[in-house]
Amino acid sequence: MQTTRFILLETSQRGNVGAAARAMKVMGFHDLVLVRPRFADVLTHEETLAFASGAADVLAGATVVDRLEDALIGVDCLLGTAMTPRDFGPPCHAPREHLPQLAQRSVALLFGSERFGMANEDVYRCHALLSIPTSPDYGSLNLGQAVQLLAYERRQSLGGFAVEPRTAEPAVADARAVQGLLTHWQSALVKLGFLDPAAPKKLMPRLNQLLNRAQLQEEEIHILRGIARAIERRCC
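Residues numbered from 1 in each chain as written. Predicted model: local features only at pLDDT ≥ 70, side-chain atom pairs only at ≥ 80, totals over all residues. Heavy atoms only, no water.

Per the secondary structure count, the protein includes nine helices and seven strands. Its C-alpha atoms give the protein a radius of gyration of 30 Å, clearly above 18 Å, the size a compact globule of 236 residues would have. Projected onto its principal axes, the C-alpha positions of the protein cover 90 × 40 × 40 Å. By element, 53% of the accessible surface of the protein is carried by carbon and sulfur atoms, the whole surface being about 14,100 Å². Side-chain charges of the protein comprise 25 positive and 25 negative groups, with the mean position of each set lying 12 Å from the other. (Helix = DSSP H or I, 4+ residues; strand = E, 2+ residues; numbered from the N terminus. Rg over C-alpha atoms; globule rule 2.2 N^0.38 Å. Areas by Shrake-Rupley, 256 points an atom, 1.4 Å probe, with all protein chains shown as cover. Lys, Arg positive; Asp, Glu negative; His and termini not counted. Charge placed at Lys NZ, Arg CZ, Asp CG, Glu CD.)

Here we take up helix α9 (residues 218-235). Over its 18 residues, α9 runs 26 Å from end to end, which matches the ideal 26 Å to within 8%, given 1.5 Å per residue. Tucked into the core, α9 has its buried residues touching α7 (175-192). (Expected span 1.5 Å × (residues − 1). Contact = heavy atoms within 4.5 Å.)

Within the largest apolar cluster, 33 residues are counted, with the highest numbers of intra-cluster contacts made by F6, L8, L32, L79, L109, F111 and V147. Elements with a contribution of two residues or more to this core: β1 (4-9), α1 (14-26), β2 (31-35), α3 (56-60), β4 (77-80), β6 (107-111), β7 (128-130) and α6 (143-157). For L79, the contacting residues outside a window of four places in its chain are H98, L99, L102, V107, A108, L109, L110, C126, A128 and L130. The next biggest cluster of nonpolar side chains, apart from the first, holds 16 residues, and it includes V33, A71, V75 and V123. (Core = buried A, V, L, I, M, F, W, Y, C linked by side-chain atoms within 4.5 Å. Buried < 20%, exposed > 50% of the residue type's maximum accessible area, 1.4 Å probe, protein only.)

This part covers the packing of α1 against α6. Where α1 contacts α6, the axes come no closer than 8 Å and their chain directions differ by 15°. The orientation of α1 with respect to α6, classified from their angle, is roughly parallel. Between α1 and α6 lies a crossing of right-handed hand. Every residue of α6 that contacts α1 at N16, A19, A20, A23, M24 and V26 is listed here: L143, G144, V147, Q148 and A151. (Axes fitted to C-alpha atoms, helices over the stretch in contact; angles between N-to-C directions. Parallel < 35°, antiparallel > 145°, perpendicular 65-115°, else oblique. Left-handed = near helix turned anticlockwise from the far one by under 90°.)

Quick look at the pattern of salt bridges now. Where charged atoms from two side chains of opposite charge come close, those side chains can pair. Per the stated rule, a full pass over the model turns up 10 salt bridges. A salt bridge links R105 to D76; the nearest nitrogen and oxygen atoms lie 3.5 Å apart. Of the two residues, R105 is situated in the loop between α4 (95-98) and β6 and D76 in the loop between β3 (63-65) and β4; the sequence distance between them amounts to 29 residues. Between R125 and D122 there is a salt bridge whose closest N-O contact spans 3.0 Å. Of this pair, R125 and D122 are both found in helix α5 (residues 120-125), three residues apart, which corresponds to roughly one turn of the helix. (Salt bridge = Lys/Arg side-chain N within 4 Å of Asp/Glu carboxyl O.)

Counting through the fold element by element, N142 comes out in the loop between β7 and α6. Given a relative accessible area of 34%, N142 falls into the partly exposed group. Sequence separation of N142 and N16 is 126 residues, and the distance between their C-alpha atoms is 8.0 Å.

Read from one edge to the other, the open sheet built from seven strands follows the order β3-β2-β1-β6-β4-β7-β5, with strand pairing classed as parallel. Strands with a single pairing partner mark the edges of an open sheet, and in this sheet they are β3 and β5 (92-93). Relative to β7, β4 runs parallel, the two sharing two bridges. Bridge pairing in β7 links L79 to A128. Its contacts with the sheet put α6 on β1, β6 and β7, and the angle it makes with β6 is roughly 160°. (Pairing = 2+ DSSP bridges.)

This part is about the pairing of β1. Of all the six residues making up β1, six are buried; the element is thus mostly covered by neighbouring parts of the structure. Burial along β1 is two-sided: the residues T4, F6 and L8 and R5, I7 and L9 are all buried. In this sheet, β6 lies alongside β1 in parallel orientation, the contact comprising five bridges. Residue pairing for β6: I7 is matched across the bridge by L110. The pairing of β1 with β2 spans five bridges and is classified as parallel. Following the sheet pairing, R5 is matched in β2 by D31.

Here is the structure:
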């Protein structure tokens, strides 16, 4: 089965581990491995859980290992995130360009320590490096932010998630409702003195075309008829 694993090397901040778990879960990933974390209780500490914000299941299923080699079981492509170029290092790519080529492969995304980054020997183990495009003036990313960006790009390379509408589609008023509004407005405009029924010219047909183009919703019909009623009351 295809795997997407997130490997964190020697993390020193509990909150970053929690933030990474949260970043993974919102993109549908759950395979987290920590290599030699600074704190033995990092997966259960209250600070970690607070930053995870609902992704406690990712932390509960995470694995802690002593060696990077032990974190690579079941993956065939290791992608590092080192910022500093290395002599004889693997090729470096932008995530959006490179990850689609690996959509059918089992991938591990490797993130270095907040304090030290990645050692040369860890970089050399990688098949490729991913560099997140940032401003040339300031390219420093928090660990949780980096995990979120790469989790998003990996998910997009796998097809992404559909955007679910948060509100119901508005109901467009039918032609009968529009004609009822026009009749009401015609009456109100006559009372207001804006429309001369003896010489209406093309005012109402133009209003008719305007309302047809507007694709009014039912609630909007109610609002405009309320305005017409207010005009009629003022003109009585």
